[in-house]
Amino acid sequence: MYRIVAKKEVAPAVKSLTIDAPLLAKKARPGQFIIIRIGEEGERIPLTIAGLDVQQGTITTIFLEVGKTTKQLGCLNEGDAISDLAGPLGNPTEIKNYGSVVCVGGGVGVAPLYLVAKALKDAGNEVISIIGGRTKELLIFEDEMQQASDELYIATDDGSKGHHGFVTDVLQELIAKQKIDRVLAVGPTVMMRAVAKVTKNHNIKTIVSLNPIMVDGTGMCGACRVTVGGETKFTCVDGPEFDAHLVDFEELMNRQRTYITEEKVALERCGRCRH
Amino acid sequence: MPSLKKQPMSEQEGDKRIHNFDEVALGYTPEQAITEAKRCLQCAKPGCTQGCPVGIEIPAFIRCIADEDFEGAIRVIKKRNNLPAICGRVCPYENQCEKFCVLGKKGEPEGIGRLERFVADYERKKGIQIPEKAEATDKRIAIVGSGPAGLTVAADLAKLGHDVVIYEALHESGGVLIYGIPEFRLPKDVVKAEIEYVKQLGVDIQTNVVIGKTISIDELREEFDAIFIGTGAGLPHFMNIPGENLCGIYSANEFLIRTNLMRAYKFPEYDTPIKVGKRVAVIGAGNVAMDSARVALRLGAEDVRIVYRRSEKEMPARAEETAHAKEEGIKFEFLTNPIRMAGENGWVKQLECIRMKLGEPDESGRRKPIPIEGSEFALDVDTVVVAIGQKPNPLIAKMTKGLRITEKGAVWVDENGRTSIEGVFAGGDITTGAATVIEAMGAGKKAARAIHEHISR
């Protein structure tokens, strides 16, 4: 069992759980992820790593309550436990001094991006971050990103904070203004696809962290397969980060929708934990 | 003269069993077991024992059964085999012990597998006895993977008094016995009971530890006197044909992991879903393909076809598995090779195939399938399962410097299961590519002996 040592609501329907996992806390690097299972009947789902505390032996994950499992997870409290937590999985982000790096984060994708931005800054990069959300209430990790970045831009769909529009608008302006050596994007697949489209026109190397459906997370099942540069890759062991200009985003989005009907069925049965 | 035929074993009827996940084969009654045991000729030089990868003294345990001493029988088996209820169900005995049985020359061989299963089940119902262990040593061994190879090494070394820890990447131990082989062929309670036996021997099993990620092999080497890698052939092969990433196409591993490990057949009581349409094509004709096809039927498919590029004769599946599949109404498209998967709205709709003919034997000794020009046709499908084999899991190889890997991606070992790193051993599918449970156990026994020698120096 893996005990929850702290819980926070960081935005409406966005929760942060800090979980006791000393082995993982020691090993995890920015860009990696974990797989959790709440209990006996639960499914295995991948979650990102938003924080690590080696001393306390804990890791923090931040997630949006969208389906049954994330809703159930959001109902757990400090002192509760989940039955399974495995990781750190996937390859860490390649951290080097690239020069000027733009980190683009959308929704809960900002949380794992924070560790990446911090590592990039520590490696000597000029880090410019753009974070976005539908409204200002859904923006997370603003302070953290401010600290990890030389410059921080905000975009909201409804204009309630920062630029009124998409993160890609800000990205485009930045590219017009200055030389960008690398772009990293973590967020909803549509956002990552849009970022890839912008940077491709300017030939800027762009890395995205993909979030397909996964089961085991160790390369066994192939549920997370994606086409990258015409080849099939497993996100869990070959990724989760890939060259954005080579990813087949349409295929990824199609595969992400595989269980839409079943997800609804599962969610309807989840009434008891709604709050 | 003993009867030419084996005592038949009762089974769930084909038309009933395709609607449930309960075990198909039901096992012998004590009377049937005794009758079958009495057929054994008790050869002075038994071929059967030599045909057993773990070397069970087969005539000795069969004699015990004939004498109605079932407890004696299980003791004889357990001297060599720690997982008899599993082996009695999934061993390909027709290619091993039973292949060498003298009775098989004129009639059917002795039903060794069925008898092994009978005594193992007898003991499980009565309560499993824990054998006496050797005095505790101060040696510690880490085992990576809790499948048949790892469990065997663990049990053998624990009996010798060593301190054994198994690390399992998934949330449940048992490896392929849990995630791969379906409930109707190997009930999970049977697997759990045999794992419980291994634990009772003093073995500590730590789940959710991905060696290579959570802990490295180098870190294990600092803490343990020896390491055994038994991580199996976990990486699925795909066809690499157009359309393979459409929705509705599963690797056999994913299809079986969802069903067996995650209990997707109990969705929505269990959270993991699986989607099976009315028409299912399973590509490949090994045991995993048969399992996938039979799972598809039980999940509600109406038309399930095995699509195989060679002919029935070359099928790698055990005859018993193929027979069960046929009884259940699985159809076979032999000499047929998929060339493309076509979809509609992102979901697979058709499996485009070409008919094949057999040419000269290839390097595997089987006749090579050659496409017949102009014979392309399409099968209407809702779900496709790709069951064309698995490669050794590359995770540890990738993360461990100095570990020698073969051209095929397997961990290289010498005849005693030693890898290229001092004190690190390996066995099972990770060294051979996908094979059988009992071969992995055989490799585990060999490695356990080599590890014992290594740490006792």
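All figures in this text were calculated on a predicted structure; none of them were measured in a lab.

**Student:** Can you walk me through a negative patch on the surface in this structure?
**Tutor:** On the surface, B:Glu31, B:Asp67, B:Glu68 and B:Asp69 cluster together to form a negatively charged patch. Here B:Glu68 is to be found in the loop between helix H4 (58-66) and helix H5 (70-80).

**Student:** Can you help me understand the pairing of strand E4 (residues 226-229) of chain B in this one?
**Tutor:** The two faces of a sheet get side chains in turn, since along a regular strand they alternate between them. All names here are of chain B. Side chains Ala226 and Phe228 of E4 all project onto a buried face; the interleaved residues Ile227 and Ile229 project onto the opposite face, where all are buried too. Both strand E1 (residues 140-144) and E4 contribute to a ladder of four bridges, which runs parallel. If you follow valine 144 over to E4, its bridge partner there is isoleucine 229.

**Student:** Hey, could you run me through the interface of chain A and chain B in this one?
**Tutor:** Often, the extent of an interface is quoted as the loss of accessible area upon association of its parts. At the interface, 48 residues of chain A touch 43 residues of chain B. Summed over both sides, the interface between chain A and chain B buries roughly 3,800 Å², with carbon and sulfur atoms accounting for 52% of that surface. It is A:Met220, A:Arg225 and A:Tyr259 that lose the most area in chain A upon contact with chain B, and together they represent 18% of the buried surface on that side. Linking chain A with chain B are three salt bridges. B:Glu219 is paired through a salt bridge with A:Lys27; the nearest N and O atoms lie 2.4 Å apart. The interface formed by chain A and chain B contains 27 residue pairs in polar contact (both at pLDDT 80 or more). If you list the elements that add at least two residues to the side of chain A that touches chain B, you get helix H1 (22-27), helix H2 (68-75), strand E8 (84-89), strand E15 (225-228), strand E16 (231-234), helix H8 (249-256) and helix H9 (260-268) of chain A. Per-element accounting of the side of chain A that touches chain B gives the leading share, six residues, to E8(A).

**Student:** Explain the environment of B:Arg140 here, please?
**Tutor:** Residues and elements named next belong to chain B. Assignment of secondary structure puts arginine 140 in strand E1. The partly exposed category is assigned to arginine 140, whose relative accessible area is 25%. In the structure, arginine 140 is positioned 261 residues away from lysine 401 in sequence and 22 Å away in space, judged by C-alpha atoms. The contacts of arginine 140, once residues within four sequence positions are left out, are Asp163, Val165, Glu223, Phe224, Asp225 and Ala226. Within polar-contact distance, the side chain of arginine 140 engages the side chain of glutamate 223 at 3.1 Å.

Rules used throughout
- Residues numbered from 1 in each chain as written.
- Chains lettered and ligands numbered in written order.
- Predicted model: local features only at pLDDT ≥ 70, side-chain atom pairs only at ≥ 80, totals over all residues.
- Heavy atoms only, no water.
- Patch = residues over 30% accessible without salt bridge, like charges linked within 9 Å, V, L, I, M, F, W, Y side chains within 5 Å.
- Areas by Shrake-Rupley, 256 points an atom, 1.4 Å probe, with all protein chains shown as cover.
- Salt bridge = Lys/Arg side-chain N within 4 Å of Asp/Glu carboxyl O.
- Lys, Arg positive; Asp, Glu negative; His and termini not counted.
- Charge placed at Lys NZ, Arg CZ, Asp CG, Glu CD.
- Helix = DSSP H or I, 4+ residues; strand = E, 2+ residues; numbered from the N terminus.
- Buried < 20%, exposed > 50% of the residue type's maximum accessible area, 1.4 Å probe, protein only.
- Pairing = 2+ DSSP bridges.
- Contact = heavy atoms within 4.5 Å.
- Buried area = accessible area lost by both parts, 1.4 Å probe.
- Polar contact = N/O pair within 3.5 Å; in protein donor to acceptor, adjacent residues only side chain to side chain.

All we've got here are geometric facts, nothing functional implied.
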